Every structure is written in structure tokens, then in C-alpha cells.
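# Structure at a glance
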Amino acid sequence: MSLKYKKVIITGATGGIGNSLVKRFAEEGAIILATGTKEEKLNDLKKNFSSIQIAKFNLEEHSTIESFIESAVQKLGGLDILVNNAGINLDSLTIRMSEENWKKVLDINLTSTFLMCKSAIKKMIKNKSGKIINITSIVGHTGNFGQTNYSASKAGTVAFSKSLALEYAKKNININCVSPGFIKTEMTDKIPEEYKKMLINKIPAGDLGTGDDVSNCVVFLASDKANYINGETIHVNGGMYMA
Ligand SMILES: NC(=O)c1ccc[n+]([C@@H]2O[C@H](COP(=O)([O-])OP(=O)(O)OC[C@H]3O[C@@H](n4cnc5c(N)ncnc54)[C@H](O)[C@@H]3O)[C@@H](O)[C@H]2O)c1
């Protein structure tokens, strides 16, 4: 995919999809800075992929995002690709949802994506090129019971990415989304077995997806092969939702 020596920041690298992203970008020869909130998991990642750099970073600390990007660019020696993959869900029915849990999900999933993109794009404009891939979700398109905060954050990410793509297309910067369906990770491990069975029945492919299903698509969008794709969302969901 021609990602050799491309400098990439991957957020949420310690999660299920993040692990696969690190693996696929490493296979393609990219220079990787992997971030997450859990130090132990970051160290495990480094054991498996010795060439990567790691940085513990909490995306909730919005005021530190600009300086984080600055230090990441120093560490990597530049910035070609940003993958905003970190995300959380705090599910409950809306009438029971606290404002705190609404805000926390929006802060991490949407506002931090805005701030990461804002800082990264300043660097990419100077480079005269860049690729940003934001990880959204099927439920940002379909809605989901108990996930008004999460689905709003993911739908917001899609609309944000389209507007951003319009603003910076002429600067040779591509901003796209990958929208996974239900993927086998810690996030979906939390789904009760009964509900998981019901979900699987609704997936034409007959099973949850894997991290690699998602990361293969991200790697493609990060490559020169996707230069004419901008403001798009690619769905990776086993046919569960066809846009
Ligand atoms: N697993 C799925 O079925 C699925 C489906 C659709 C979309 N997604 C999206 O894919 C992305 C990755 O999901 P996953 O399943 O690998 O999740 P996961 O729970 O396995 O990993 C989440 C990652 O986000 C990081 N993170 C959480 N809070 C953070 C914070 N405050 N600051 C920085 N990093 C933080 C964690 O450290 C971890 O690395 C998320 O954006 C998620 O919403 C997942």
C-alpha cells in the first residue's frame, strides 16, 4: 500500500481495533506512534512491535492536545497520517443518562477528534499532503438503543469529517471515515450473550467482524491508492447496514 516510512499517529492503539491497526501499519513499513491510556497495554504493544514508539495520552485533556501533536511530530520526524481511533461508550437509556456521561462520550469521541485534526492539519498544510482517518460506527448511521450519546458522537464525526474534507481538499489532505459494524473487541465483549446472538442474526455475514477487517480498510485509505477519495465513509459491517 506504499506506506513505507510514512509517519502515523494511531490513537486508541491498545484496544482491539487499535492493536490490529498497529500490526497492519507496521506490516506496511510505516513509522508509528501508538497512543492509549493504559501504560501496561502500551508496553505490551511495544514488546510485540519493537519498532513502534508509544505515548500514554488522555484525550480528555483537551488543552494538551496541541502540545501532544507537537511532541509527536518531533518524535516521528513529521506527520503523514492521523488515525483517530480512540473511543468509549457509556450506555444507558436516555432518561437515566447523566449529563456527565453524555459529555464524557462527546468529549472523547468527537471533541478530541476535532482538536486532534485541527492540530494535525496545521502540520499537514506545511507538508502539502496528509491523510486523516476517523473511526466512526454503524450506530452513528442507524442509531442504537441505549446509545444516544455514543451514536450522536459518531454521527457527528461523519459530518465533521465531510466538512473538514471540503475545507482542506485543495491542500492535498484527505479526510475519511471508516464505520465498523460490530467487531470482536473489549467493547463488544461487554454485550450480554443473549443480545449478541440477536445481533449476529442481523448480520448477513453471520458473525462479528475482526480488527483486521477494519484496519485493512484504514490502511487503504491512508495510502496513495485512495488519493481521490475524500469526505467518504467506508462501511465495514458484514452487510448489516448498506448505505
Ligand atoms: N468494537 C466495535 O464493535 C466497534 C464498532 C464500531 C466502532 N468502533 C469504534 O472503534 C474504535 C476502537 O474501538 P475498540 O473496539 O478497539 O475499543 P476498545 O475499547 O478495545 O479500545 C478503545 C481504545 O481507546 C482508548 N481510549 C479510551 N479512552 C481514551 C481517552 N480518554 N484518551 C485516549 N485514549 C482513550 C483506549 O486506551 C483504547 O486504546 C472506537 O472509536 C469505537 O467507538 C468499535
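Located above this text is the structure these notes cover.
In this report, we go over the structure that sits alongside the text. Owing to the predicted nature of the structure, the values given are computational and were not obtained by experimental measurement.

## Some words on the sheet that holds strand E4 (residues 81–84)
With respect to topology, 7 strands assemble into an open sheet ordered E3-E2-E1-E4-E5-E6-E7, the strand pairing being parallel. Both outer strands of the open sheet, strand E3 (53–56) and strand E7 (233–236), are each paired with one neighbouring strand and no more. Strand-to-strand, the axes of this sheet are offset by a mean angle of 15°, without reference to chain direction. Both strand E5 (residues 130–135) and strand E6 (residues 173–180) contribute to a ladder of 6 bridges, which runs parallel. Along E6, the bridge assignment pairs Ile 135 with Val 178. Helix H4 (residues 99–127) rests against E4, E5 and E6 of the sheet, and its axis sits at about 175° to E4.

## Looking at the pattern of salt bridges
Tallied over the full model, the rule gives 12 salt bridges. With its nearest N and O atoms 2.8 Å apart, the salt bridge here joins Arg 24 to Glu 27. Placement of both Arg 24 and Glu 27 in helix H1 (residues 16–27) is noted, with a separation of 3 residues, approximately one turn of the helix. Note that Glu 194 is salt-bridged to Lys 197, the shortest N-O span being 4.0 Å. Of the two residues, Glu 194 and Lys 197 are both situated in helix H8 (residues 193–201); the distance of 3 residues between them amounts to about one turn of the helix. Across the pair, exposure class does not vary: Glu 194 and Lys 197 are exposed alike. Salt bridges sharing common partners tie together Arg 24, Glu 27 and Glu 28.

## Structural notes on the site of the ligand
Close contacts around the ligand come from 29 residues, with Thr 14, Asn 85, Tyr 150, Ile 183 and Thr 185 the closest. Note that an oxygen atom of the ligand is positioned 2.7 Å from one of the backbone N or O atoms of Ile 183. In this structure the site holding the ligand corresponds to the largest pocket. Those elements giving two or more residues to the shell around the ligand turn out to be H1, helix H6 (148–168) and helix H7 (186–189). In terms of residues, the shell around the ligand owes the most to one element, H7, which gives 3 residues.

## Remarks on unusual backbone geometry
Although it is not a glycine, Tyr 5 sits at a positive phi angle of roughly 65°. For Tyr 5, the location among the structural elements is in the segment before strand E1 (7–10). You will see that Lys 128, though not glycine, has its phi angle at about 65°, which is positive. Of note, Lys 128 is situated in the loop between H4 and E5.

## Describing the packing of H4 against H6
Remark: H4 packs on H6, axes separated minimally by 8 Å, with the N-to-C direction vectors making an angle of 15°. What the angle tells us is that H4 and H6 run roughly parallel. In the crossing of H4 with H6, the sense of the turn from one axis to the other is right-handed. On the side of H4, the interface is formed by Asn 101, Trp 102, Val 105, Leu 106, Asn 109, Leu 110, Thr 113, Phe 114, Cys 117, Ile 121 and Ile 125, while H6 contributes Thr 148, Asn 149, Tyr 150, Ala 152, Ser 153, Lys 154, Gly 156, Thr 157, Phe 160, Leu 164 and Tyr 168. For the contact of H4 with H6, a count of residues per class yields 13 nonpolar, 8 polar and 1 charged.

## Section: the environment of Ser 2
By the element assignment, Ser 2 lies in the segment before E1. Taking relative accessible area as the criterion, Ser 2 reaches 42% and is therefore assigned partly exposed. Residues Ser 2 and Val 219 lie 217 residues apart in sequence; the distance between their C-alpha atoms is 9.7 Å. Aside from chain neighbours lying at most four places away, what touches Ser 2 is Ser 223 and Asp 224.

The rules behind each value
- Residues numbered from 1 in each chain as written.
- Predicted model: local features only at pLDDT ≥ 70, side-chain atom pairs only at ≥ 80, totals over all residues.
- Heavy atoms only, no water.
- Pairing = 2+ DSSP bridges.
- Helix = DSSP H or I, 4+ residues; strand = E, 2+ residues; numbered from the N terminus.
- Axes fitted to C-alpha atoms, helices over the stretch in contact; angles between N-to-C directions.
- Contact = heavy atoms within 4.5 Å.
- Salt bridge = Lys/Arg side-chain N within 4 Å of Asp/Glu carboxyl O.
- Buried < 20%, exposed > 50% of the residue type's maximum accessible area, 1.4 Å probe, protein only.
- Near = heavy atom within 4 Å.
- Polar contact = N/O pair within 3.5 Å; in protein donor to acceptor, adjacent residues only side chain to side chain.
- 1 Å grid on protein atoms, 1.4 Å probe; cavity = no way out; pocket = protein on both sides within 12 Å on 5 of 7 lines; lining within 4 Å.
- Sits in = over half its atoms within 2 Å of the grid points.
- Parallel < 35°, antiparallel > 145°, perpendicular 65-115°, else oblique.
- Left-handed = near helix turned anticlockwise from the far one by under 90°.
- Nonpolar A, V, L, I, M, F, W, Y, C, P; charged D, E, K, R; others polar.

Taken by themselves, the reported measurements are silent on function.
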